[in-house]
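Residues per chain are reported as follows:
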Amino acid sequence: MWPALQIALDLHQIKRAVVIAKEAVAGGVDWLEAGTPLIKSEGTEGIRTLRREFPGMKIVADTKTMDVGGYEVELMAKAGADVITILGLADDGTLKEGVMAARKYGAEVMLDLINVPDKVSRAKEAEAIGVSYICLHMGIDEQMKGEEPPIEILKKIVSETSLPVAVAGGITAENAGEYVEVGASIVIVGGGIIKTGNITEAAKNVKNAMSGKEVTLSLEKKYGEDELFEAFSKVSSCNVADAYHKQGVVFGLTPHIKSGERMVGRALTVQTTNGDWAKPVEAIDVAKDGDVIVIDVGGAPIAVWGELATCSAMNMGVRGVVIDGAIRDLDDIKAMGFKSFSRSVAPCAGEPKGYGGIGIEIKIGGQPVRTGDWIIGDESGLIVVPKEVAVEVANRALDVHERENRTREEIRRGSTLSKVNELAKWEPVK
């Protein structure tokens, strides 16, 4: 029976979960997991629905129980769950009560090691208590930070326990086979299947990978610090705004970008005064390939950037310019394919007096910007992402982008956006 593919139905609508589950089973999924969001949303009725729809399937209730283990295991087992998860951080008493209740009602307990400091020791303790499965789980929030998959820890757990070991967290067709090779008995995949337009094909790809076949990855990997230009180039400013909870949005600046293009790069900051183009031009001399020059002029109306500055910037590999002030020669700049944002456009430039500075913290459109922060702009707008959180925001933006693929597919099949998200059901009770 090993290795088994388990799909994590991490949605909050049971109707969508059932449709996705049916398509996933057609693709070879072995176990169905009512994900934590689904359980919190639908309760035991979600488990009952899955049991009615899939009478012969192994149903996992991912309750992530932390207390009253016996009570929660009983609830889920009576609703039709075969396996119930208890957190490794829970007290031994919680774990023991859960195991006893599982035995009483013909179910099993899976220990979830998410955020457990010593995972190997806790797995051995749980085996002695009587759990049936160990789950090595890298949480979504960990994944978004670009953490490395815990392959070495998996090897140790497999070698020091006799229980089947499940792995979860960021698993796709690209890496599923690697986990199986080092001993995983159960491969748990959520977003790698449920975020795709073709669920059946995605499930088949993972199953093929688990059997050692090479497959083409249809979803994006998680990106690290050195890959942020590639990551941000794959998403829109809207994706970033959703992922970053509307933070970093710059208001009041107009994009001068060709349709479908994006401006992505690290900020090189400049502060100057009305019409003084000395510091903006001097910044070009210290700019690095991939930089976006960001100029704070306080919204002043006389231009500090034009066609000659653009020629110079392009030679240095500058990806664009953002001006909280005025730009000129816009027709020439557009013809050159250089990306820019500005608060206004004016034909007049000032004199190079040299006031201000380069590389200092500035503000554009009310947003603070430091050299090294990430600038993402397109026709929809402009966003500043602080360098300290750029990896996480980029990965979350990609997640937003990918999740929309499934929504788009359901709309294509004849649904509507409100129906897919069951908006009426989730409106405040009046």
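Now for a quick tour of the structure. Computed from a prediction, not measured in an experiment: that's the story for all the values here.

**Describing the overall build of the protein chain**
So, step 1. Secondary structure summary: the protein chain contains 18 helices and 19 strands in total.
So, step 2. Seen along its three principal axes, the alpha-carbon backbone of the protein chain occupies a region of about 85 × 45 × 45 Å.
So, step 3. In the protein chain, the proportion of contacts linking residues at least 24 apart, taken out of those at least 6 apart, comes to 72%.
So, step 4. Of the roughly 19,000 Å² of accessible surface on the protein chain, a fraction of 50% belongs to carbon and sulfur atoms.

**Some remarks on helix 4 (residues 69-79)**
So, step 1. Residues Gly69, Gly70, Val73, Met76, Ala77 and Ala79 constitute the buried set of helix 4.
So, step 2. Elements that come into contact with the buried residues of helix 4 comprise helix 2 (36-42), helix 3 (44-53), strand 3 (58-65), strand 4 (83-87), helix 5 (92-104) and strand 5 (108-112).
So, step 3. Directly beyond the C-terminal end of helix 4, a positive phi value near 120 degrees is found at Gly80.

**Quick notes on unusual backbone geometry**
So, step 1. At the junction of Trp2 and Pro3, the peptide bond is cis and its omega measures out at -5 degrees in the coordinates.
So, step 2. Its place among the elements puts Pro3 in the segment before strand 1 (4-9).
So, step 3. For Lys64, which is not glycine, the phi torsion reads 50 degrees and is therefore positive.
So, step 4. Mapped onto the secondary structure, Lys64 falls in strand 3.
So, step 5. With a phi angle near 55 degrees, His245 is a residue other than glycine that sits in the positive phi range.
So, step 6. Along the polypeptide, His245 turns up in the loop between helix 13 (237-243) and strand 9 (249-250).
So, step 7. Relative accessible area serves as the criterion here: at 63%, His245 is assigned to the exposed category.

**Here we look at the packing of helix 1 (residues 14-26) against helix 11 (residues 199-210)**
So, step 1. Between helix 1 and helix 11, whose axes approach to 7 Å, the crossing angle comes to 45 degrees. As far as their axial angle goes, helix 11 and helix 1 are oblique. Between helix 1 and helix 11 the crossing geometry is right-handed. Between helix 1 and helix 11, the contacting residues are Ile20, Glu23, Ala24 and Ala26 on the first element and Ile199, Thr200, Ala203 and Lys204 on the second.
So, step 2. When its residues are assigned to classes, the contact of helix 1 with helix 11 shows five nonpolar, one polar and two charged.

**Some details on the nonpolar core**
So, step 1. Ranked by size, the top nonpolar core spans 67 residues in total, and within it Ile7, Leu9, Val131, Ile134, Val187 and Ile193 carry the most contacts.
So, step 2. Not counting residues up to four positions away in its chain, the partners in contact with Ile193 are Leu5, Ile7, Val29, Ile199, Ala202, Ala203 and Val206.

**So, the packing of helix 1 against helix 17 (residues 390-412)**
So, step 1. Relative to each other, helix 1 and helix 17 sit at 95 degrees, their axes nearing to 13 Å. Accordingly, the angle class assigned to the pair helix 1 and helix 17 is roughly perpendicular. Contacts between helix 1 and helix 17 involve Arg16, Val19, Ile20 and Glu23 from the first element and Arg406, Thr407 and Glu410 from the second.
So, step 2. When grouped by side-chain class, the residues that make up the contact of helix 1 with helix 17 number two nonpolar, one polar and four charged.

**Here we look at the pairing of strand 3**
Every regular strand shows the same layout, with side chains that alternate between the two sheet faces.
So, step 1. Within strand 3, six of the eight residues are buried, which leaves the element mostly enclosed by the surrounding structure.
So, step 2. Strand direction decides the pairing type here: strand 2 (residues 31-34) and strand 3, joined by four bridges, are parallel. Each bridged residue has a counterpart across the sheet, and for Glu33 the counterpart in strand 3 is Val60.
So, step 3. Pairing of strand 3 with strand 4 involves three bridges; the strand directions are parallel.

**Observations regarding the packing of aromatic side chains**
So, step 1. Evaluation of the coordinates by the stated rule reveals five aromatic pairs.
So, step 2. When the centroid spacing of 5.6 Å and the interplanar angle of 40 degrees are considered together, the rings of Phe232 and Trp374 count as tilted. Of the two residues, Phe232 sits in helix 12 (residues 228-233) while Trp374 sits in strand 18 (residues 374-378), which places them 142 residues apart along the sequence.
So, step 3. Overall, the relative accessible area of 0% leaves Phe232 in the buried class.
So, step 4. By relative accessible area, which is 6% here, Trp374 ends up buried.
So, step 5. Aromatic side chains Trp305 and Phe338 sit 6.4 Å apart centroid to centroid with 10 degrees between the ring planes, which places their arrangement in the stacked category.

**A short note on the sheet that holds strand 4**
So, step 1. Here we have eight strands rolled up into a closed barrel, ordered 1-2-3-4-5-6-7-8, and parallel in their pairing. Averaged over neighbouring strand pairs, the angle between their axes works out to 25 degrees when direction is ignored.
So, step 2. Here strand 4 runs beside strand 5; their pairing, made up of five bridges, is parallel. Opposite Ile84, over in strand 5, you have Val109 as the bridge partner.

**Thoughts on helix 3**
So, step 1. Within the sequence span of helix 3, burial applies to Gly46, Ile47, Thr49, Leu50 and Arg51.
So, step 2. On its buried side, helix 3 packs onto strand 1, helix 1, strand 2, helix 2, strand 3 and helix 4.

**Focus on a nonpolar patch on the surface**
So, step 1. Together, Val68, Tyr71 and Leu75 make up a nonpolar patch on the protein surface, roughly 290 Å² of accessible area in all.
So, step 2. In this structure, Leu75 sits in helix 4.
So, step 3. Judged by relative accessible area, Leu75 falls into the partly exposed class, the value being 35%.

Calculation rules
- Numbering of residues starts from 1 in each chain and follows the order in which that chain's sequence is written.
- In keeping with the model being predicted, local features are shown solely for residues with a pLDDT of at least 70 and side-chain atom pairs are shown and tallied solely at 80 or more, while totals for entire chains, interfaces and linings include all residues.
- Working from all heavy atoms in the structure, the side-chain values ignore hydrogens and water.
- Only DSSP runs of H or I reaching four residues or more are called helices, and only runs of E reaching two or more are called strands; each is numbered from the N terminus.
- We call two residues in contact whenever any of their non-hydrogen atoms come within 4.5 Å of each other.
- Surface exposure here means Shrake-Rupley accessible area, sampled with a 1.4 Å probe, where a residue is shielded only by the protein chains that are shown.
- Here the term buried applies to any residue with accessible area under 20% of the maximum for its type, exposed to any over 50%, and partly exposed to those in between, with areas from a 1.4 Å probe on protein chains only.
- Convention adopted: a line fitted to C-alpha atoms gives each axis, helices being fitted over their contacting stretch, and angles between N-to-C directions are expressed from 0 to 180 degrees.
- Just so you know how the angles are binned, under 35 degrees is roughly parallel, over 145 roughly antiparallel, 65 to 115 roughly perpendicular, and the rest oblique.
- Crossing handedness is defined as follows: a turn of the near helix away from the far one that is anticlockwise and smaller than a right angle gives a left-handed crossing, while the clockwise case is right-handed.
- Each residue receives one of three labels: charged for Asp, Glu, Lys and Arg, nonpolar for Ala, Val, Leu, Ile, Met, Phe, Trp, Tyr, Cys and Pro, and polar for the others, Gly being one of them.
- Residues grouped as a nonpolar core are buried Ala, Val, Leu, Ile, Met, Phe, Trp, Tyr and Cys residues, joined through side-chain atoms within 4.5 Å.
- Criterion used throughout: strands pair if DSSP finds at least two bridges between them.
- Pairing of aromatic rings covers Phe, Tyr and Trp, the last counted by its six-membered ring, and requires centre-to-centre distances within 6.5 Å; plane angles under 30 degrees mean stacked, over 60 mean edge-to-face, and any other angle means tilted.
- Here, patches come from residues exposed beyond 30% relative accessible area and free of salt bridges, joined within 9 Å for like charges and within 5 Å for nonpolar side chains (Val, Leu, Ile, Met, Phe, Trp, Tyr).
- We count a salt bridge whenever a side-chain nitrogen from Lys or Arg sits within 4 Å of a carboxyl oxygen from Asp or Glu.

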